[in-house]
Amino acid sequence: MSQLIDAPSLDTFAASFLVLGRLHLGHATPDTRREVYTNLSDWPFWNEPNPHPELASLHADAHAALTRGTDLLQRSWESHEEDSTIRMDQDFLYGVSATARVSPFESVHVGEEQLVFDTETIQVRWYYSQLGLRAPQLHTEPDDHLGLEFAFLSQGCQQMLSALDAGRIEDYHRVRDIVVAFTREHPLRWIPATLREAEVQAQTAWMQGVEALSYAAFASWCVTLSTRGLLPAAEVTSGFAAPYRGITAGHKGVATGKFGDPGVPGVTRDAGSTAARLRHDLPGDSGTSSEPGTPDNPENRSDRTGETPSL
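This report concerns the structure included in the present document. Quick caveat: nothing in here was measured; it's all calculated off a predicted structure.

**Section: the packing of aromatic side chains**
Stage number 1. This structure, assessed with the given rule, holds nine aromatic pairs.
Stage number 2. Aromatic side chains phenylalanine 13 and tryptophan 221 sit 5.1 Å apart centroid to centroid with 75° between the ring planes, which places their arrangement in the edge-to-face category. Taken together, the residues span a long stretch of sequence, with phenylalanine 13 in helix H1 (residues 7-25) and tryptophan 221 in helix H10 (residues 205-227) at a distance of 208 residues. The two residues phenylalanine 13 and tryptophan 221 agree in class, both being buried.
Stage number 3. Note on tyrosine 37 and tryptophan 77: the rings are 5.6 Å apart at their centroids and 25° apart in plane angle, and the pair reads as stacked. Here the residue tyrosine 37 occupies a position in helix H2 (residues 30-38), and tryptophan 77 occupies one in helix H3 (residues 56-78), the gap between them amounting to 40 residues.
Stage number 4. For tryptophan 77, a relative accessible area of 25% gives the class partly exposed.

Right, dumping it as structure tokens:
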């Protein structure tokens with residue numbers, strides 16, 4: 001029998017996937033990197049207290065990646081890595097200005113022809129619609145970008161959290177089932193191996209740290225889903241053990257500047273939920289900042305005055 005994904009874990013995952021998704025989608029400015037460095041000790045990470053026994057090794061890997069990622073980002077800041085060097089590294093890593101070292105698009109990794117804008121792109125777009133959302137740059141940029149798949153998970157966690165806060169248990173179950181199915185059918189198939197490869201291929205401590213923290217967050221998410229009885233441990237183990245497929249043809253990634261600066265507001269623990277503190281609009285169709293869809297807004301939720309409903 002499945003267990004509740006409780007509010008604290010949803011809050012943490014919503015925040016981490018939101019910030020990490022934005023860091024994959026665009027360049028972080030020096031101010032953004034300063035904010036991240038200043039708040040590394042408060043980086044949102046959910047430590048599942050009693051992980052599924054079969055996933056003990058992955059649980060440990062998530063913690064190791066968390067430590068490695070925060071150490072790398074701290075090294076990046078303290079060594080004064082140049083902004084231009086980091087931007088160039090991200091551009092070459094994801095193929096913005098040259099052939100990608102590691103493609104950020106799912107279809108390139110799992111599609112039969114390894115093409116951008118393939119079947120997987122449309123499937124991810126369908127999942128966005130199931131949450132009443134529309135991915136940014138519809139019909140222009142692929143919906144199956146790593147950053148957008150993380151953004152979808154963040155939006156799903158926010159919607160589940162809003163449903164719990166309002167006592168809308170049916171809505172919680174509906175959104176939960178959509179997000180779990182999405183996790184199984186999309187990111188679990190390609191993101192673990194891709195993040196490992198991207199960390200190896202990245203040339204700067206900043207990008208290596210972003211990849212490591214992304215691996216930590218997604219591993220923790222899958223361990224949590226499995227521990228709560230929502231995702232078979234065997235599927236999680238298989239997904240994380242899958243090898244990197246690589247890229248057989250060059251492609252161009254998202255053009256620099258289309259998404260703008262990902263921006264990470266200061267991470268503090270003294271006001272509001274983690275997701276609310278880190279919430280920052282994602283890019284929209286017009287090229288200006290707007291959320292992909294119209295999710296419940298954490299700032300508009302009433303304060304939690306009672307216990308989380310039992311399911």
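**Let's talk about the environment of alanine 163**
Stage number 1. For alanine 163, the location among the structural elements is in helix H7 (residues 146-166).
Stage number 2. The exposure class of alanine 163 is buried, given its relative accessible area of 0%.
Stage number 3. Along the sequence, alanine 163 and valine 175 sit twelve residues apart, while their C-alpha atoms lie 8.9 Å from each other.
Stage number 4. Once residues lying within four places of it in the same chain are set aside, the contact partners of alanine 163 are Arg168, Asp171 and Tyr172.

Thresholds, definitions, all that
Residues numbered from 1 in each chain as written. Predicted model: local features only at pLDDT ≥ 70, side-chain atom pairs only at ≥ 80, totals over all residues. Heavy atoms only, no water. Phe/Tyr/Trp six-rings, centres within 6.5 Å; stacked < 30°, edge-to-face > 60°. Helix = DSSP H or I, 4+ residues; strand = E, 2+ residues; numbered from the N terminus. Buried < 20%, exposed > 50% of the residue type's maximum accessible area, 1.4 Å probe, protein only. Contact = heavy atoms within 4.5 Å.

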